[in-house]
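# Architecture and fold: a report
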Amino acid sequence: LMAGLNGAGKTTTSAKLALYLKNQGFRPGLVACDLVRPAAIEQLAVLGAQIGVPVLRPEAGETDVLRVASLVPAWETENKITITIYDSAGRQEIDTELVRELVRLRDVVTPSEVLLVCDAATGQQAVSVAEHFHSALGLSGLILTKLDGDARGGAALSLRQTTGRPIKFAGTGEKLENFEPFFPDRMAGRILGMG
């Protein structure tokens, strides 16, 4: 289950993660659960088509994420999916309605991972976002996006300290291939100017 604010790169990161897992030999599937942002479902469908990964698209006008989730088991079987990635809705800021929806979705789909997608460029703001999401959802890890600038690693230290959760992946550019496991020693080296 992917969580995060609007603009952090959740939808693109969901596709990047799917491509990464596909290249590892898994059969990932993407589920469009952002029923708020009008273009999110179409964006996920386009990205899924680009990487050859099935996308579960809700009916036009669907507003209930739990109804979308109820379609997943049959869809997984039909498409032989081995890992399902739920792209959830975001907001400009955390609000109780968003958190309630995410908690309900988490409780229904019982994901093995709840990953917070954080924009590395937002610095310390990302830390308060992570605190809120972690207290509500019980994060299992984080994914840092927009980590293509050297000065953007400072938030990584704070995020790790605040949540106690590992940073699992990093988005390092705009292309769908610009995604890799997060290596703390590389980040520390960059922050300290060691290459």
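Heads up: these notes are all about the structure in this document. (Residues numbered from 1 in each chain as written. Predicted model: local features only at pLDDT ≥ 70, side-chain atom pairs only at ≥ 80, totals over all residues. Heavy atoms only, no water.)

Moving on: the packing of aromatic side chains. In this structure the tally under the stated criterion is 3 aromatic pairs. Their ring planes at 70° and their centres at 5.1 Å tell us that tyrosine 20 and phenylalanine 169 sit as a pair that is edge-to-face. With tyrosine 20 in helix H1 (residues 10–23) and phenylalanine 169 in strand E7 (residues 167–171), the pair connects residues that are 149 residues apart, well separated along the chain. What makes phenylalanine 169 buried here is its relative accessible area of 13%. Ring geometry for phenylalanine 169 versus phenylalanine 179: centroids 5.0 Å apart, planes at 15°, classification stacked. Residue phenylalanine 169 is found in strand E7, and its partner phenylalanine 179 is found in strand E8 (residues 179–181); the two are separated by 10 residues along the sequence. Summarising the burial analysis for this pair, phenylalanine 169 and phenylalanine 179 share the class buried. By the ring-pair criterion, three or more aromatic residues cluster together here, those being Tyr20, Phe169 and Phe179. (Phe/Tyr/Trp six-rings, centres within 6.5 Å; stacked < 30°, edge-to-face > 60°. Helix = DSSP H or I, 4+ residues; strand = E, 2+ residues; numbered from the N terminus. Buried < 20%, exposed > 50% of the residue type's maximum accessible area, 1.4 Å probe, protein only.)

We now examine the packing of helix H5 (residues 124–137) against helix H6 (residues 154–163). Packed helix pairs are characterised by how far apart their axes lie and by the angle those axes make with each other. The interhelical angle for the contact between H5 and H6, taken along N-to-C directions, is 25°, at an axis separation of 9 Å. If you check the angle between H5 and H6, you find them roughly parallel. Handedness of the H5/H6 crossing: right-handed. Residues Gln124, Ala126, Val127, Ala130, Glu131 and His134 of H5 pack against Ser158, Leu159, Thr162 and Thr163 of H6. Taken together, the residues that form the contact of H5 with H6 break down as 4 nonpolar, 5 polar and 1 charged. (Axes fitted to C-alpha atoms, helices over the stretch in contact; angles between N-to-C directions. Parallel < 35°, antiparallel > 145°, perpendicular 65-115°, else oblique. Left-handed = near helix turned anticlockwise from the far one by under 90°. Contact = heavy atoms within 4.5 Å. Nonpolar A, V, L, I, M, F, W, Y, C, P; charged D, E, K, R; others polar.)

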